[in-house]
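# Structural description and commentary
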Amino acid sequence: MTTTPTPTTDDAPSPPAPAPAQGRGASSTLRPLVLRLHFYAGVLVAPFLLVAALTGLLYAASFQAEKIVYDHELTVPVGDRELPVSEQVAAARAARPDGEITAVRPSPEPGATTRVLLSGIPGVDPGHTLAVFVDPYTAKVRGELEQYGSTGALPLRTWIDEFHRDLHLGEPGRLYSEFAASWLWVIACGGLVLWFSRRRTQRKLRGTTGRRRTLGLHGGVGAWVALGFVFLSATGLTWSAYAGAHIGDLRTALGQETPAVSAAAGEHAGHGTAGGAGGDAAHGAGLDRVLAAARAEGLDNPVEIVPPADEGSAYVVQQIQRSWPTKQDAVAVDPATGQVTDVLRFEDFPVLAKLTRWGIDLHTGSLFGLVNQIALMLLALCLILLILWGYRMWWQRGRGSAFGRPIPRGAWQQVPPQVLVPLLALVAVLGYFVPLLGIPLAAFLAADIVLGEIAHRRGRRTYGPASR
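Below, the structure is looked at part by part.

Calculation criteria
- Within each chain, residues carry numbers counting from 1 in the order of the written sequence.
- In keeping with the model being predicted, local features are shown solely for residues with a pLDDT of at least 70 and side-chain atom pairs are shown and tallied solely at 80 or more, while totals for entire chains, interfaces and linings include all residues.
- Values reported for side chains reflect all heavy atoms of the structure, with hydrogen atoms and water molecules removed beforehand.
- Only DSSP runs of H or I covering at least 4 residues are called helices, and only runs of E covering at least 2 are called strands; the numbering of each starts at the N terminus.
- Buried means the residue's accessible area, taken with a 1.4 Å probe over protein chains only, is under 20% of the maximum for its type, while exposed means over 50%, and partly exposed covers the values in between.
- We define a polar contact as two N or O atoms separated by no more than 3.5 Å, with the added condition that, inside protein, one atom must be a possible hydrogen donor and the other a possible acceptor, whereas residues neighbouring each other in sequence contribute only through side-chain atom pairs.
- When checking whether two residues touch, look at their non-hydrogen atoms; a contact exists if any pair is within 4.5 Å.
- Think of a nonpolar core as a cluster: buried Ala, Val, Leu, Ile, Met, Phe, Trp, Tyr and Cys residues, connected wherever their side-chain atoms sit within 4.5 Å.
- By definition here, a salt bridge exists when the distance from a side-chain nitrogen of Lys or Arg to a carboxyl oxygen of Asp or Glu is within 4 Å.
- In this scheme, strands are said to pair when DSSP sees at least two bridges between them.
- Helix span, expected: 1.5 Å multiplied by one less than the number of residues in the helix.

### Considering the side chain of His128
Tracing the chain through its elements places His128 in the loop between strand 2 (114–119) and strand 3 (129–134). Residue class for His128 comes out buried when judged on its relative accessible area of 11%. A distance of 2.7 Å separates polar atoms of two side chains, one belonging to His128 and the other to Glu146. Apart from residues no more than four positions distant in its own chain, His128 is found in contact with Glu146, Gln147, Tyr148, Thr158 and Glu162.

### Looking at the side chain of Gln319
Mapped onto the elements of the fold, Gln319 is located in strand 6 (residues 315–319). In terms of polar contacts, Gln319 uses its side chain to reach the side chain of Asp300, at 2.8 Å. Once residues within four sequence positions are removed from consideration, Gln319 is found in contact with Gly298, Leu299, Asp300, Pro302, Val303, Lys327, Gln328 and Asp329.

### Remarks on the nonpolar core
Among soluble globular proteins, nonpolar side chains are generally buried collectively. One finds Leu49, Trp183 and Phe229 to be the most contacted residues of the largest nonpolar core, which totals 38 residues. Elements that contribute at least two residues to this core include exactly helix 1 (26–69), helix 5 (174–197), helix 6 (210–237), helix 10 (369–396), helix 11 (417–433) and helix 12 (435–457). Among the elements that make up this core, the one with the highest residue count is helix 5 (nine residues). Dropping the residues within four chain positions of it, Leu49 is found in contact with Ala180, Leu184, Ile187, Leu383 and Ile387.

### Structural notes on the pattern of salt bridges
Within the structure shown, the criterion is met by eleven salt bridges. Among the salt bridges present, the one from Glu66 reaches Arg157, with a minimum N-O distance of 3.3 Å. One end of the pair, Glu66, is in helix 1; the other, Arg157, is in helix 4 (residues 155–166), with 91 residues separating them in the sequence. Taken as a pair, Glu66 and Arg157 share a single burial class, namely buried. A single salt-bridge network, built from bridges that share partners, covers Arg96, Asp98 and Glu144.

### Description of the pairing of strand 8 (residues 340–344)
Where strand 7 (residues 330–333) and strand 8 come together, four bridges link them in antiparallel fashion. By the bridge assignment for strand 8, Ala332 is matched with Asp342. Hairpin geometry of strand 7 and strand 8 is characterised by an intervening segment of six residues between the two adjacent antiparallel strands and by a positive phi of about 75° at Gly338.

### Observations regarding helix 9 (residues 351–364)
The terminal C-alpha atoms of helix 9 lie 20 Å apart, and with 14 residues this matches the ideal 20 Å at 1.5 Å per residue to within 8%. Here helix 9 has its buried residues at Ala353, Lys354, Thr356, Arg357, Gly359, Ile360, Asp361, His363 and Thr364. One or two positions beyond helix 9, positive phi appears at Gly365, with a value near 90°.

Here you go:
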């Protein structure tokens, strides 16, 4: 009887792998390819993932930091009675007569200020608005800050958000975050395959040292958080530049796009207004009557009132609560009569529109508030640790002066044609729908084939062991 000696340390040389045997299962033949892909993707994509994790960690913490930094603008002592919204808007207009009112966010809860949003203010980013904060009990202006996005991000969170999204490089910078999101799920799923394909005895952490211990930490933590990474990857791609556009086209083709309330006014539009200019929040029925009409339709706080864009448009009042339970109902109100002309309920949204809304809000930390934000910070910390452990394993693979001995190429040749051909077809599909995944992946496979053939011609082709 013969036995195979087991190395006692990680420094023992790895025996050469046998040639592919007939009848091997698909999982055993795919493992070397998954290992090689996981290794190189980890090494090359990890710097982008590290930046995304660090900036994502900051963004998840920015919600609570914002409440502290801008406490004076956001909160006031609770008074006896709130003043009409029209009086609050008039106070904001007196303090800021320039610009155009684009929206009004009445105080959402006792002790919170009202926001009057203005566009066209000199010095304010054209894609942002200036938020004037008004005490709803006294109509005193508490301050003004630049605001961005539907979540009402103020300067601190806006800066971190843009840093996470594009590194403050504009549209070209968005490629970094889309590249990271495109590959995160591949690395996570590949790690799961490798971890669970190892024998149970090889996955034990207790009593191990060196590279084996680092591998145990890397694989064990990665297995626990892999589904979270897949979720972050999928939801992050929904509003990316290229993959996001394809996802939007697919939703449109399936009739699953996010609906919008009709802002067309009734037959009396343009009559009985005080000027009828777009953005004039005081004309026609007036803000108080418009808000009362929305309340009668069940739109409770928090809401945003958008003035008519022109004489043929209506007021739009929409709920803006992204936390659970989501409130996204909207109504259109005729500016001349104060009558509701259209109603849109979130419960009537298509399934994919709802899932997209919830996915984005969960990804950004809005859906479940502080608990959601803590979970995101933990995921970001885990990703940072996994990257550091991964690079440490790369260092520990080195022998002598060799830094980071790579996984030998040629693993793709161990995959049987009936598996390899569909795999290449999948790469082609991915290259279309998720180009920052598919194109680099196709380039990786092509380079592996070419370099492997060169090594073969020079008589140096080797197949690495299917172990880590």
